[in-house]
Amino acid sequence: MQASSEFGELRRAHRSFAFPLTLAFVTWYLLYVLLSNYAGGLMDTTVVGNINIAFVFGLAQFLTTFLIAWWYAKHAEAKIDPKAEALKARMEAGE
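Here the structure is a predicted model, which is why all the values come from computation and not from measurement. (Residues numbered from 1 in each chain as written. Predicted model: local features only at pLDDT ≥ 70, side-chain atom pairs only at ≥ 80, totals over all residues. Heavy atoms only, no water.)

For the protein, the count of helices and strands is 3 helices and 2 strands. Secondary structure elements of the protein occur, N-terminal to C-terminal, as α-α-β-β-α. What you see for the protein is a C-alpha radius of gyration of 20 Å, clearly larger than the 12 Å of a compact globule of 95 residues, by over 25%. Across its three principal directions, the C-alpha atoms of the protein cover 65 × 20 × 15 Å. Residues counted as buried form 20% of the 95 residues belonging to the protein. Here the analysis covers contacts within the protein between residues at least 6 apart in sequence; of these, 63% occur between residues at least 24 apart. Accessible area of the protein: about 7000 Å², with a carbon and sulfur share of 67%. Each charge sign in the protein was given a centre, from 8 positive and 8 negative side chains, and these centres are 5 Å apart. (Helix = DSSP H or I, 4+ residues; strand = E, 2+ residues; numbered from the N terminus. Rg over C-alpha atoms; globule rule 2.2 N^0.38 Å. Buried < 20%, exposed > 50% of the residue type's maximum accessible area, 1.4 Å probe, protein only. Contact = heavy atoms within 4.5 Å. Areas by Shrake-Rupley, 256 points an atom, 1.4 Å probe, with all protein chains shown as cover. Lys, Arg positive; Asp, Glu negative; His and termini not counted. Charge placed at Lys NZ, Arg CZ, Asp CG, Glu CD.)

In structure tokens form, the structure reads like this:
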């Protein structure tokens, strides 16, 4: 089953979404860390009241985490789950 084209399509559907998004999020996270360490003046810039850019970036990390999880759930529901169910049904039928 693992050598089948259907399984390959399932893996591609997952990898084509997960790998680029993981790379983008890690880059976004490292940008936050690097700016916090090496661009203290920028990160200390006040946005409103006592809220600075570092705080906004920190909250944005949480927001992007939840957005990515939601987006992946939608992607999995539309692209991955139907292929996985078809593959499961084929395996259970003994094909």
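Negative charge collects at one region of the surface, where Glu77, Asp81, Glu85 and Glu92 lie side by side. Structurally, Glu85 can be placed in helix H3 (residues 53–92). (Patch = residues over 30% accessible without salt bridge, like charges linked within 9 Å, V, L, I, M, F, W, Y side chains within 5 Å. Salt bridge = Lys/Arg side-chain N within 4 Å of Asp/Glu carboxyl O.)

So, about the pattern of salt bridges. Inspection of the entire model under this criterion finds 1 salt bridge. Two residues, Glu6 and Arg90, come together in a salt bridge whose shortest N-O distance is 2.6 Å. With a gap of 84 residues between them, Glu6 in helix H1 (residues 5–38) and Arg90 in helix H3 connect regions that are remote in the sequence. Residue Glu6 is classed as partly exposed on the basis of its relative accessible area, which comes to 37%.

The end-to-end C-alpha distance of H1, which contains 34 residues, comes to 48 Å, matching closely the 50 Å that a straight helix rising 1.5 Å per residue would cover. Residues of H1 that are buried include every one of Gly8, Leu10, Ala13, Phe17, Ala18, Leu21 and Leu35, and no others. Contact partners of the buried residues in H1: helix H2 (40–43) and H3. (Expected span 1.5 Å × (residues − 1).)

On to the packing of aromatic side chains, then. By the definition in use, this model includes 4 aromatic pairs. Both rings, one in Phe17 and one in Tyr72, keep their centres 5.6 Å apart while their planes meet at 45°; by these two values the pair is tilted. Of this pair, Phe17 sits in helix H1 while Tyr72 sits in helix H3, placing them 55 residues apart in sequence. The exposure class assigned to Phe17 is buried, which follows from its relative accessible area of 11%. Members of the aromatic cluster, each reached through a chain of ring pairs, are Phe17, Trp71 and Tyr72. (Phe/Tyr/Trp six-rings, centres within 6.5 Å; stacked < 30°, edge-to-face > 60°.)

All quantities given are derived from atomic positions and should not be read as evidence of function.
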